[in-house]
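Listed here are the chains, written in short residue letters.
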Amino acid sequence: MEITNVSEYEAVAKDKLPKMVYDYYASGAEDQWTLKENRNAFSRILFRPRILIDVTKIDMTTTVLGYKISMPIMIAPTAMQKMAHLDGEYATARAASAAGTIMTLSSWATSSVEEVASTGPGIRFFQLYVYKDRNVVAQLVRRAERAGFKAIALTVDTPRLGRRESDIKNRFTLPPHLTLKNFEGLDLGKMDKSNDSGLASYVAGQIDRSLSWKDVKWLQTITSMPILVKGVMTAEDTRLAVQAGAAGIIVSNHGARQLDYVPATISCLEEVVKAAQGRVPVFLDGGVRRGTDVFKALALGASGIFIGRPVVFSLAAEGEAGVRKVLQMLREEFELTMALSGCLSLKDITRNHILTEGDVHRTASRL
């Protein structure tokens, strides 16, 4: 089958992967309302394209934390990629590097920071879960820094793991031939079998529920890497993140895997951007499947977006070639959206290029 868009990889992955693995990647929390809403909310934003603009040359390049990348489309951290494909995070790292963009490596990767660094040059961020044992955290952050990682994406929405019912039904655990590679030497690399989700039990045992804003400050004392706070959804928390010295914010609802019935990230984006007041860049993940989605996020003030599930699904389907193709398809769709909207560079993409539901209601009430 000829794959013509990013979403088509999911069905291929579902056919190829063991049920436990596919369900782990695909599912959201509880009723999975937010999982659907992450996509649906994009479909309610419409374009106001401008015409008769010379769009011969389109420039999609941008800088993130001072690093120049080819497009505002980056790779979000997704755990345990070797469950999808033998090459796992190696393939993803090479694909991101070839596309000239940033890969974020999960704390719970099945390849270590050192192994990913060994795939060759590339700009890489490291996603961090804070363990109860702070020595473990400090050690891991130092290793990431030594391995050439450029920033920490601190996940702040997971003091406990969301209720993912398919993982409970499947008694999800890491396949026996794999380990959480970054923790292997610390005897934290294995996940015990459990009566429900092995990952939920692991999180309950290891992850620090007391994580608070003071820990964002503490992290700055142990590393010179900038810290992106990942999992912000409100103006209040945006202001606190800026106060705490965050270098940037990732608007994220953890791929709808934590608290169900939170809004789609695209619906929270404008509130966060306004609260940040341009002091730090704001990024978004969750539900991006089209170049049009990327444009909508940038029009609402995002400096870039991260994709998660499309990476693991394309990895399962075609390995590194799949991830490369996903990045290429999104790039081409985004470029086309820019051209058809009359935008030559990212700074040309403005709020006036889109129409949200709120705009429609406001116009109607004025009339």
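The rules behind each value
- Residues numbered from 1 in each chain as written.
- Predicted model: local features only at pLDDT ≥ 70, side-chain atom pairs only at ≥ 80, totals over all residues.
- Heavy atoms only, no water.
- UniProt positions renumbered as here; feature names shortened; annotations may be inferred.
- Helix = DSSP H or I, 4+ residues; strand = E, 2+ residues; numbered from the N terminus.
- Buried < 20%, exposed > 50% of the residue type's maximum accessible area, 1.4 Å probe, protein only.
- Contact = heavy atoms within 4.5 Å.
- Areas by Shrake-Rupley, 256 points an atom, 1.4 Å probe, with all protein chains shown as cover.
- Lys, Arg positive; Asp, Glu negative; His and termini not counted.
- Charge placed at Lys NZ, Arg CZ, Asp CG, Glu CD.
- Pairing = 2+ DSSP bridges.
- Right-handed = clockwise from strand over helix to strand, strands pointing away.
- Expected span 1.5 Å × (residues − 1).
- Bend = angle between axes of the 7 residues up to and from the residue.
- Axes fitted to C-alpha atoms, helices over the stretch in contact; angles between N-to-C directions.
- Left-handed = near helix turned anticlockwise from the far one by under 90°.
- Nonpolar A, V, L, I, M, F, W, Y, C, P; charged D, E, K, R; others polar.
- Core = buried A, V, L, I, M, F, W, Y, C linked by side-chain atoms within 4.5 Å.
- Polar contact = N/O pair within 3.5 Å; in protein donor to acceptor, adjacent residues only side chain to side chain.

Per an unreviewed UniProt entry, the recorded name for the chain is (S)-2-hydroxy-acid oxidase, and the organism is Zantedeschia aethiopica. In its Cofactor (unreviewed entry) section, the UniProt entry covering the chain states "FMN".

Caption draft 1: A look at the overall build of the chain. Helix and strand content of the chain: 14 helices and 12 strands. C-alpha atoms of the chain, sized along the principal axes, occupy 60 × 50 × 40 Å. Out of the 367 residues belonging to the chain, those deemed buried represent 56%. Taking the contacts inside the chain whose residues are at least 6 apart along the sequence as the reference set, 72% of them involve residues at least 24 apart. For the chain, the exposed area adds up to about 15,600 Å²; of that, 52% sits on carbon and sulfur atoms. For the chain, the distance from the average position of its 46 positive side-chain charges to the average position of its 40 negative side-chain charges is 2 Å.

Caption draft 2: Spotlight on the pairing of strand β11 (residues 304–307). In β11, alternate side chains face the same way, and those of Gly304 and Phe306 on one face and Ile305 and Ile307 on the other are all buried. Bridge analysis of strand β4 (residues 73–75) against β11 gives three bridges, and the strand direction is parallel. The residue of β11 that forms the bridge with Ile73 is Ile305. For the segment spanning strand β10 (residues 282–285), helix α12 (residues 291–299) and β11, crossover handedness is right-handed.

Caption draft 3: Spotlight on helix α13 (residues 309–341). Over its 33 residues, α13 extends only 27 Å from the first C-alpha to the last, a length that falls short of the 48 Å expected when each residue adds 1.5 Å. The largest bend in α13 comes to about 135°, at Glu318.

Caption draft 4: Quick look at the packing of helix α10 (residues 235–243) against helix α11 (residues 265–276). Interaxial distance between α10 and α11 falls to 8 Å at its minimum, and their mutual angle equals 40°. The two elements α10 and α11 cross, and the hand of that crossing is right-handed. Contacts between α10 and α11 involve Ala235, Glu236, Thr238 and Arg239 from the first element and Glu271, Val272, Ala275 and Ala276 from the second. Grouping the constituent residues of the contact of α10 with α11 by class yields four nonpolar, one polar and three charged.

Caption draft 5: Broad picture of the nonpolar core. Among the nonpolar cores identified, the biggest contains 107 residues, and Met80, Trp108, Leu128, Tyr131, Ile266 and Phe334 are the most heavily contacted of them. Excluding residues that lie within four positions of it along the chain, Trp108 makes contacts with Ala79, Met80, Tyr129, Tyr131, Leu180, Phe183, Leu199, Tyr202, Val203 and Ile207. Ile69, Ile123, Ala153 and Phe306 belong to the second-largest nonpolar core, a separate cluster that totals 13 residues.

Caption draft 6: Examining the environment of Val262 more closely. Note on placement: Val262 falls in the loop between β9 (248–251) and α11. A relative accessible area of 13% places Val262 in the buried class. Measuring from C-alpha to C-alpha, the distance between Val262 and Met233 comes to 8.8 Å, with 29 residues separating the pair along the chain. Those residues in contact with Val262 that lie beyond four places of it in its chain are Trp33, Thr34, Met233 and Asn253.

Caption draft 7: Summary view of helix α2 (residues 19–26). Of all eight residues in α2, six are buried; the element is thus mostly enclosed. Restricting attention to buried positions, one finds in α2 the residues Val21, Tyr22, Asp23, Tyr24, Tyr25 and Ala26. On its buried face, α2 is in contact with α1 (9–16), α3 (33–43), α7 (165–169), α8 (198–206) and α13.

Caption draft 8: Main features of the UniProt feature "active site" (unreviewed entry) in the chain. UniProt marks His254 with the feature "active site" (unreviewed entry), using the numbering shown here. Note that His254 resides in the loop between β9 and α11. Not counting residues within four places of it along the chain, the set of residues in contact with His254 comprises Tyr129, Thr155, Asp157, Thr158 and Arg164. A distance of 3.3 Å separates polar atoms of two side chains, one belonging to His254 and the other to Tyr129.

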